[in-house]
Amino acid sequence: MVLYRVLSSSPNKPANALQSTLLNMQETIREPMVQDPTQFDVLVMPNLYGDILSDLCAGLIGGLGVTPSGNIGANGVAIFESVHGTAPDIAGKDLANPTALLLSAVMMLRHMGLHGHAKKIESACFDTIRDRKVLTKDLGGNSKCSEFTEAICQRMKDMD
Amino acid sequence: MAAHSAVLSASKIMNPFWVGRLGNTAKVFGTTLIRHRNKTSLTGENIPPPAKYGGRHTVTLIPGDGIGPELLNHVREVFRFTCVPVDFEMVNVNSALETDDDMNNAITAIRRNGVALKGNIETKHTLPASVKSRNNVLRTSLDLYANVMHCQSLPGVQTRHKNIDIMIIRENTEGEYSSLEHESVSGVVESLKIITRNNSIRIADYAFKLARERGRRRVTAVHKANIMKLGDGLFLQCCREVASGYPDITLDSMIVDNTTMQLVSKPQQFDVMVMPNLYGNVVSNVCAGLVGGPGLVPGANYGRDYAVFETATRNTGKSIAEKNIANPTAMLLASCLMLDHLNLNDYASLIRNAVLTTMNETRLHTADLGGQGTTSEVVQSVMRVIQSKGQFTAEL
């Protein structure tokens with residue numbers, strides 16, 4: 001029932017500069033995560049706690065519709081996926097929010113070392129959402145999935 | 001009496017061995033006015049008489065570690081001031097020792113008095129694994145099977161979500177806290193999570209009875225039965241069996257990860273929640289965070305014969321100990337729950353109202369609520385409010 005909290009790491013610092021804190025799960029979940037989640041950076045934990053905490057954090061940032069994830073194995077084998085459900089009620093109607101799957105694809109590009117492409121797509125996606133002009137229904141707008149995607153593609157064209 | 005008929009119907013579900021032993025669960029509630037210690041001819045059980053002599057109750061007090069001792073001193077101060085007819089028998093437990101003598105003394109004292117108020121006893125990670133969590137030992141020895149936490153939005157406290165009113169009933173004696181672990185192969189540890197039919201029925205029954213008594217409509221069972229099909233599956237099945245005896249109350253179920261997500265986005269949808277031990281730990285801490293933090297919510301542990309009151313989130317608060325910045329609200333409200341349990345409802349309401357009135361004063365908020373008030377300022381304010389109600393009090 002122990003989590004390690006890793007603070008302030010950066011790719012340029014040697015490993016021994018990483019500060020880590022042993023946190024009792026109680027201290028992590030209750031007060032900080034719900035009241036001030038910004039104090040956390042990277043959290044590592046066993047399976048069940050990860051299940052619970054990842055859904056809790058997804059709830060904090062807007063739900064499973066915008067949360068990407070990846071499953072990493074040995075030798076670079078990895079599967080990236082969105083963790084929301086299959087939503088059969090809106091399937092095939094061009095209504096779904098592609099953000100979760102798109103950001104999972106961005107994670108995949110980073111995993112493959114294609115950081116430039118990843119950055120571009122991610123910025124375009126975040127800027128489109130920040131702009132609030134073209135949003136799918138779950139984010140409070142009434143645009144279609146294809147319109148949202150088109151807006152992101154347009155931004156990327158404008159970036160070049 | 002309605003209580004007896006409820007017990008008889010529950011007994012049809014349960015193993016006959018448990019009928020006599022569970023006969024008095026109907027009576028062990030917090031703020032109910034039924035005297036929980038009535039001996040009944042139905043069960044012929046020998047419940048020890050209340051520790052009440054000359055009109056004064058005796059309650060065991062375990063200061064614990066961290067902020068426990070100072071907060072419990074404040075409770076004693078408020079009680080002395082309000083002339084509450086309760087005497088405290090203090091029992092210290094030293095968490096650094098490996099022997100069990102301290103704990104045995106504490107448990108004996110609670111058995112003697114029937115009721116206790118405690119601070120959290122620290123569980124040092126550095127002690128060997130054979131030394132169990134002292135709080136856990138206390139709960140299992142006294143069979144305090146139900147941990148009850150009532151999370152309510154307080155008017156004086158600013159939070160992201162408003163209008164929260166959730167009762168959380170957590171199984172308190174088994175589950176992931178069974179302390180059964182072994183390492184048969186070096187580097188491979190196996191932990192046993194124990195779920196029993198008897199304890200699951202018992203806690204579900206407690207939850208439904210409490211819901212009915214408080215006029216609640218819906219009980220949500222929190223589980224992870226899609227993964228732990230046998231363990232949590234059994235728990236869920238027991239909840240459904242018990243639910244069939246309460247047609248006026250709806251039972252629904254939710255997987256624990258979805259539950260935490262819903263709690264942080266739409267907590268108003270929950271009414272009463274019942275769950276096994278570990279999920280109870282997680283959910284109660286999340287809910288405490290939602291209503292304003294660990295300094296605000298009291299908790300109660302009920303068993304058939306004993307009751308122990310403490311703060312809901314059971315943290316030691318070592319980093320803020322003895323700095324006069326801890327929030328005394330949770331401990332004071334826990335002492336009010338204790339007074340309700342002892343049928344001293346007038347004193348309980350008086351102190352509770354004083355605490356909630358003080359909470360409305362933003363300038364008195366302690367650090368955990370974003371203010372700069374000190375513990376003693378809050379306690380002084382509580383006592384002034386009590387005095388202003390015209391109650392006979394000792395000197396300030």
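Quick notes on the rules
- Residues numbered from 1 in each chain as written.
- Chains lettered and ligands numbered in written order.
- Predicted model: local features only at pLDDT ≥ 70, side-chain atom pairs only at ≥ 80, totals over all residues.
- Heavy atoms only, no water.
- UniProt positions renumbered as here; feature names shortened; annotations may be inferred.
- Helix = DSSP H or I, 4+ residues; strand = E, 2+ residues; numbered from the N terminus.
- Buried < 20%, exposed > 50% of the residue type's maximum accessible area, 1.4 Å probe, protein only.
- Contact = heavy atoms within 4.5 Å.
- Areas by Shrake-Rupley, 256 points an atom, 1.4 Å probe, with all protein chains shown as cover.
- Core = buried A, V, L, I, M, F, W, Y, C linked by side-chain atoms within 4.5 Å.
- Salt bridge = Lys/Arg side-chain N within 4 Å of Asp/Glu carboxyl O.
- Polar contact = N/O pair within 3.5 Å; in protein donor to acceptor, adjacent residues only side chain to side chain.
- Axes fitted to C-alpha atoms, helices over the stretch in contact; angles between N-to-C directions.
- Parallel < 35°, antiparallel > 145°, perpendicular 65-115°, else oblique.
- Left-handed = near helix turned anticlockwise from the far one by under 90°.
- Nonpolar A, V, L, I, M, F, W, Y, C, P; charged D, E, K, R; others polar.
- pLDDT = per-residue confidence, 0-100.
- 1 Å grid on protein atoms, 1.4 Å probe; cavity = no way out; pocket = protein on both sides within 12 Å on 5 of 7 lines; lining within 4 Å.
- Points joined across faces, edges and corners; volume = space filled by probe spheres on them.
- Disulfide = S-S within 2.5 Å.

As recorded by an unreviewed UniProt entry, chain B carries the name Isocitrate dehydrogenase [NAD] subunit, mitochondrial and is attributed to Astatotilapia calliptera. In UniProt, chain B has this text filed under Subcellular location (unreviewed entry): "Mitochondrion".

An unreviewed UniProt entry lists chain A under the name Isocitrate dehydrogenase [NAD] subunit alpha, mitochondrial, from Astatotilapia calliptera. Turning to chain A, the UniProt annotation filed under Catalytic activity (unreviewed entry) states: "D-threo-isocitrate + NAD(+) = 2-oxoglutarate + CO2 + NADH".

How should I be thinking about the overall build of chain A in this particular structure?
A count of helical and extended segments in chain A gives 5 helices and 5 strands. Order of helices (α) and strands (β) in chain A, N terminus to C terminus: β-β-α-β-α-β-β-α-α-α. Looking at the 160 residues of chain A, the share that counts as buried comes to 30%. Put simply, 46% of the contacts in chain A that link residues at least 6 apart link residues at least 24 apart. Of the roughly 9,500 Å² that chain A leaves accessible, carbon and sulfur atoms contribute 57%.

Looking at this model, I keep getting lost on the nonpolar core. Mind explaining?
Generally speaking, soluble globular proteins have nonpolar side chains that are buried together. Residue and element names in this part refer to chain B. Grouped together as the largest cluster of nonpolar side chains are 67 residues, with contacts concentrated most on Val86, Phe309 and Met338. Beyond its immediate chain neighbours, meaning those up to four positions away, phenylalanine 309 contacts Val115, Ala116, Leu117, Lys118, Gly299, Ala300, Tyr302, Ala334, Leu337, Met338 and His341. The next biggest cluster of nonpolar side chains, apart from the first, holds 34 residues, and it includes Ile168, Val283, Leu296 and Met359.

In this structure, what is going on with the interface of chain B and chain A? I would like to understand it.
The accessible area lost on association of the parts is a frequent measure of interface size. Counting residues at the interface gives 27 residues for chain B, matched by 19 residues for chain A. For the pair chain B and chain A, the number of links is 1 salt bridge. The partner of A:Asp51 in a salt bridge is B:Lys224, with the nearest N and O atoms 2.5 Å apart. Applying the counting rule to chain B against chain A returns 3 residue pairs in polar contact (both at pLDDT 80 or more).

Can you help me understand the packing of helix α11 (residues 345-359) of chain B against helix α12 (residues 375-388) of chain B in this one?
Helix-helix packing is described using two parameters, namely the angle between the two axes and the distance between the axes. Residue and element names in this part refer to chain B. Put simply, α11 and α12 touch, their axes get as near as 8 Å, and they point 125 degrees apart. Between α11 and α12, the angle falls in the class oblique. Along this stretch, α11 crosses α12, giving a crossing that reads as right-handed. On α12, the residues touching Leu350, Ile351, Ala354, Val355, Thr357 and Thr358 of α11 are Val378, Ser381, Val382, Val385 and Ile386. Here the residues of the contact of α11 with α12 are counted per class, giving 8 nonpolar, 3 polar and no charged.

Explanation requested: the pattern of salt bridges in the structure shown.
Close approach of charged atoms lets side chains of opposite charge pair. In the structure shown here, the tally under the stated rule is 25 salt bridges over all chains. A salt bridge links B:Arg214 to B:Glu213, with the nearest nitrogen and oxygen atoms 3.7 Å apart. For B:Arg216, the salt bridge identified is with B:Asp271, shortest N-O distance 2.8 Å. Highlighted residues: B:Arg216 in the loop between α6 (197-213) and β9 (218-223) and B:Asp271 in the loop between α8 (256-265) and β11 (272-275), separated in sequence by 55 residues. For the pair shown, B:Arg216 and B:Asp271 are each scored as buried. Several salt bridges converge on common partners, so that one network encompasses A:Asp51, B:Lys224 and B:Asp257.

What's the story with the environment of A:Gln39 in this structure? I'm lost.
Residue and element names in this part refer to chain A. Locating glutamine 39 in the fold gives a position in the loop between α1 (25-35) and β3 (42-44). Given the relative accessible area of 33%, glutamine 39 is considered partly exposed. Between the C-alpha atom of glutamine 39 and that of glycine 141, which follows or precedes it by 102 residues, the distance is 31 Å. In this structure the side chain of glutamine 39 is engaged in a polar contact, spanning 3.3 Å, whose partner is the backbone oxygen of aspartate 36.

Which parts of the structure should I look at to understand the confidence of the model for chain B?
When pLDDT is low, close inspection of the predicted coordinates is not appropriate. Residues and elements named next belong to chain B. Of the residues in chain B, 87% have a pLDDT of 70 or more, and the chain-wide mean is 86. Across residues 1-44, confidence stays below pLDDT 50; counting only partners more than four residues off in sequence or on other chains, it has 70 contacts. For this predicted complex, the interface confidence score (ipTM) comes to 0.79, while the overall pTM stands at 0.82.

Hey, could you run me through the confidence of the model for chain A in this one?
Taken residue by residue, chain A gives an average pLDDT of 83. The fraction at 70 or more is 80%. Counting contacts from residues 1-19 of chain A, a segment whose pLDDT is below 50, to residues more than four positions away or on other chains yields 46 contacts.

Help me understand the layout of surface pockets in this model?
Over the atoms rolls a probe the size of a water molecule, and its path tells where empty space is left. All names here are of chain A. In this structure, the second largest pocket encloses a volume near 830 Å³. In terms of lining residues, the second largest pocket is bounded by 26 residues, among which Leu53, Ser54, Cys57, Thr67 and Pro68 are the most central. With 9 residues, helix α2 (residues 47-61) is the single largest residue contributor to the lining of the second largest pocket. Partitioned by chemical class, the residues of the lining of the second largest pocket number 15 nonpolar, 7 polar and 4 charged.

Teacher, can you tell me more about the state of the cysteines here?
Should the sulfur atoms of two cysteines be covalently bonded, the bond is a disulfide. Overall, the coordinates contain 0 disulfides over all chains when judged by the stated rule. Lacking any disulfide linkage, A:Cys57 is separated from the closest cysteine sulfur, that of B:Cys287, by 16 Å. A:Cys145 forms no disulfide, and the closest cysteine sulfur to it belongs to A:Cys153, at a distance of 11 Å. The exposure class assigned to A:Cys145 is buried, which follows from its relative accessible area of 18%.

What exactly am I supposed to notice about the side chain of B:Arg314 here?
All names here are of chain B. Position of arginine 314 among the secondary structure elements: in the loop between β13 (307-311) and α10 (329-341). Since its relative accessible area comes to 9%, arginine 314 is described here as buried. At 3.0 Å, the side chain of arginine 314 and the side chain of glutamate 310 are in polar contact.

Sorry, what's going on with the UniProt feature "domain: Isopropylmalate dehydrogenase-like" (unreviewed entry) in chain B here?
In the numbering used here, UniProt assigns the feature "domain: Isopropylmalate dehydrogenase-like" (unreviewed entry) to residues 58-382 of chain B. As a span, residues 58-382 of chain B carries 39% helix and 19% strand, and end to end its C-alpha atoms are 23 Å apart.

Whenever I open this one, unusual backbone geometry confuses me. Can you help?
Working note: non-glycine residues mostly have negative phi, and peptide bonds are mostly trans. For A:Asp94, which is not glycine, the phi dihedral falls at a positive 60 degrees. Inspection of the secondary structure assignment puts A:Asp94 in the loop between β5 (78-82) and α3 (99-111). Look at B:Asn324: it is not a glycine, yet its phi comes out positive at around 65 degrees. By the element assignment, B:Asn324 lies in the loop between β13 and α10. Residue classification places B:Asn324 among the partly exposed residues on the basis of a relative accessible area of 27%.

Would you explain helix α5 (residues 134-141) of chain B in this entry?
Every α-helix carries 3.6 residues per turn, so stepping three or four residues along brings you back to the same face. Within α5(B), burial applies to B:Arg134, B:Asn135, B:Asn136, B:Leu138 and B:Arg139. Note on α5(B): the residue one or two positions beyond its end, B:Asp143, has a positive phi of about 50 degrees.

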